[in-house]
Amino acid sequence: MKKVEIITRTFKLDDVKVALTDLDIHGMTVSEVKGFGRQGGHKEVYRGAEYQVDFVPKVKIEVVIDDERVRDVVEAARHAAFTGHVGDGKIFVSPMDEVVRIRTGETGDEAI
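Residues numbered from 1 in each chain as written. Predicted model: local features only at pLDDT ≥ 70, side-chain atom pairs only at ≥ 80, totals over all residues. Heavy atoms only, no water.

> Any chance you could explain the nonpolar core here in plain terms?
Looking at soluble globular proteins, one finds that nonpolar side chains tend to be buried together. The biggest cluster of nonpolar side chains holds 17 residues, and the ones touching the most others in it are Val4, Ile6, Val16, Leu20, Val63, Ile65 and Val73. The set of elements that each furnish at least two residues to this core consists of strand S1 (2–8), helix H1 (13–22), strand S5 (56–65) and helix H2 (70–81). By residue number, the principal contributor to this core is H2, which donates 7 residues. In this structure Ile6 touches Val16, Leu20, Val59, Lys60, Ile61, Ala77, Lys90 and Ile91, once residues within four positions along its chain are discounted. (Core = buried A, V, L, I, M, F, W, Y, C linked by side-chain atoms within 4.5 Å. Buried < 20%, exposed > 50% of the residue type's maximum accessible area, 1.4 Å probe, protein only. Helix = DSSP H or I, 4+ residues; strand = E, 2+ residues; numbered from the N terminus. Contact = heavy atoms within 4.5 Å.)

And the structure:
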């Protein structure tokens, strides 16, 4: 099993959700996060004063899938989140040692 974390622009959430749903991925966790990479934040003006915004709002979408689906999920998410500009985000894939469904006690692939 693998955990795929997709960090992307907030307005791309629906596109990524549709792409994952089309792959029959129905369980996902979405969090509002802030961060920066090469983009390095941006400047804004409030009441005539300019200030630096170091952390840019993003969304993080997390899914746990079986190993065979990783390539399809990553490619679908990458395509759906792509704008071609700095700040499109990142996709992280990590090993998942165990998953337990709390309600039934099922483990592993059955818990996904």
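> When you look at the sheet that holds strand S2 (residues 29–35) in this model, what are you seeing that I'm missing?
Strand pairs in the sheet, formed through backbone hydrogen bonds, run parallel or antiparallel to each other. With antiparallel pairing, the 4 strands of this open sheet are ordered in space as S2-S5-S1-S6. Here the strands that pair on one side only, and so sit at the sheet edges, are S2 and strand S6 (89–95). The mean inter-strand angle of the sheet, taken between neighbouring strand axes irrespective of direction, is 20°. Its contacts with the sheet put H1 on S1, S2 and S5, and the angle it makes with S5 is roughly 10°. (Pairing = 2+ DSSP bridges. Axes fitted to C-alpha atoms, helices over the stretch in contact; angles between N-to-C directions.)

> Even after reading the chapter, I still don't get the confidence of the model for the protein chain, so can you show me in this structure?
A low pLDDT means the predicted coordinates there should not be read in detail. Taken residue by residue, the protein chain gives an average pLDDT of 91. The fraction at 70 or more is 95%. When pLDDT is averaged over each helix and strand of the protein chain, the minimum, 68, is found for strand S3 (residues 42–46) and the maximum, 98, for H2. (pLDDT = per-residue confidence, 0-100.)

> Where do I start with the pattern of salt bridges in this structure?
Oppositely charged side chains can form a pair if their charged atoms are brought close together. Enumeration over the complete set of coordinates arrives at 6 salt bridges. Note that Lys60 is salt-bridged to Glu5, the shortest N-O span being 3.5 Å. Within this pair, whereas Lys60 is found in strand S5, its partner Glu5 is found in strand S1, the two being separated by 55 residues in sequence. We classify Glu5 as buried; its relative accessible area is 16%. Close ionic contact of Asp88 with Arg9 constitutes a salt bridge, the shortest N to O distance being 3.1 Å. Here Asp88, found in the loop between H2 and S6, pairs with Arg9, found in the loop between S1 and H1; they are 79 residues apart in sequence, far enough to count as distant. When its relative accessible area of 16% is taken as the criterion, Arg9 is described as buried. (Salt bridge = Lys/Arg side-chain N within 4 Å of Asp/Glu carboxyl O.)

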